[in-house]
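This is what each chain is made of:
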Amino acid sequence: MTGLAVLAAATVVLACASLALPATPARAGVRPGLEAHLGAAWNPPVPLTVRQDGQPDLSFTARYETRPFVPPMYYVYRLMLLDEGGTGWTLDLVHHKLRLRAAPSEIAEFSVSHGYNLLLLSRRHEARRWHWALGAGAVVAHPEGTVRGRKLDETRGLFRDGFYVSGAAVGAYVGRRLPLGAGVHATAEARATLAWARVPVADGDADAPDAALHVALGLGWLAPGAAAGRAR
């Protein structure tokens, strides 16, 4: 429910971004769309630094797993505004997940599995049903963890539900759409993201950057009449 609330609020951002589309005859027919994806991600080793009051810092190379099909699952929600040529804006909520493997003995658990959420506004282009985009945005994280026997209180942050605007991210994706009729389509995509976030731990915080490669399959709808749904 929180993810949907964040995406609904971000709709306003996408609507404002649509004003940047040139109002030329070839691009006048702006069409809205939406997509939902399931997928998975791979995370290479990255540095992690954990700070806690009254204790020495813990700095080491973190190796994460995503567990994409273990609830809460990995998913991507997308809102789109595309012109008649397939160029436009997309706003993605990528519900990415990180769970630390082989942690030092001081860390009983460290994860960001209710969302290392990437909220990304991207400029998108399309040709012959292939599409690609480059964008940037924010990391909205929900960390969980126990460090040196101290468990993080998950009732703080945004919505009093453990969410924090924690950092920034950039990303790019490429994919292909398969029209199914009546504006409905299937899609397959690959994505690369780079992010930096500072998340809370009990009595401290952690610098938790991430790099990831993602793959996803989804279904979507683009308002009928958009030329982006036709091969060119």
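Residues numbered from 1 in each chain as written. Predicted model: local features only at pLDDT ≥ 70, side-chain atom pairs only at ≥ 80, totals over all residues. Heavy atoms only, no water.

Asks: I would appreciate a short explanation of the confidence of the model for the chain in the present structure.
Replies: On average, residues of the chain score 87 in pLDDT, and 84% of them reach the 70 mark or higher. Segment residues 226–232 is flagged for pLDDT under 50; beyond a separation of four residues in sequence, or across chains, it makes 22 contacts in the model. (pLDDT = per-residue confidence, 0-100. Contact = heavy atoms within 4.5 Å.)

Asks: Whenever I open this one, the nonpolar core confuses me. Can you help?
Replies: What tends to happen in soluble globular proteins is that the nonpolar side chains get buried as a cluster. Core analysis: the largest hydrophobic core is formed by 29 residues, its most contacted members being Leu48, Tyr64 and Phe110. Taken together, the elements giving at least two residues each to this core come down to strand S2 (46–52), strand S3 (58–65), strand S5 (88–101), strand S6 (107–127), strand S7 (130–141) and strand S11 (184–201). At six residues, S6 tops the list of elements feeding residues into this core. Those residues in contact with Tyr64 that lie beyond four places of it in its chain are Asn43, Val46, Leu48, Leu98, Arg99, Leu100, Arg101, Phe110, Ala208, Pro209 and Asp210. (Core = buried A, V, L, I, M, F, W, Y, C linked by side-chain atoms within 4.5 Å. Buried < 20%, exposed > 50% of the residue type's maximum accessible area, 1.4 Å probe, protein only. Helix = DSSP H or I, 4+ residues; strand = E, 2+ residues; numbered from the N terminus.)

Asks: Just checking my understanding: could you explain a nonpolar patch on the surface for this structure?
Replies: A contiguous nonpolar patch, built from Leu34, Leu178, Leu180, Val184, Leu219 and Trp221 and spanning about 560 Å² of accessible area, is present on the exposed surface. Going through the elements one at a time, strand S10 (164–181) and strand S13 (210–222) are the ones with two or more residues in the nonpolar patch. Here Leu180 lies in strand S10. (Patch = residues over 30% accessible without salt bridge, like charges linked within 9 Å, V, L, I, M, F, W, Y side chains within 5 Å. Areas by Shrake-Rupley, 256 points an atom, 1.4 Å probe, with all protein chains shown as cover. Salt bridge = Lys/Arg side-chain N within 4 Å of Asp/Glu carboxyl O.)

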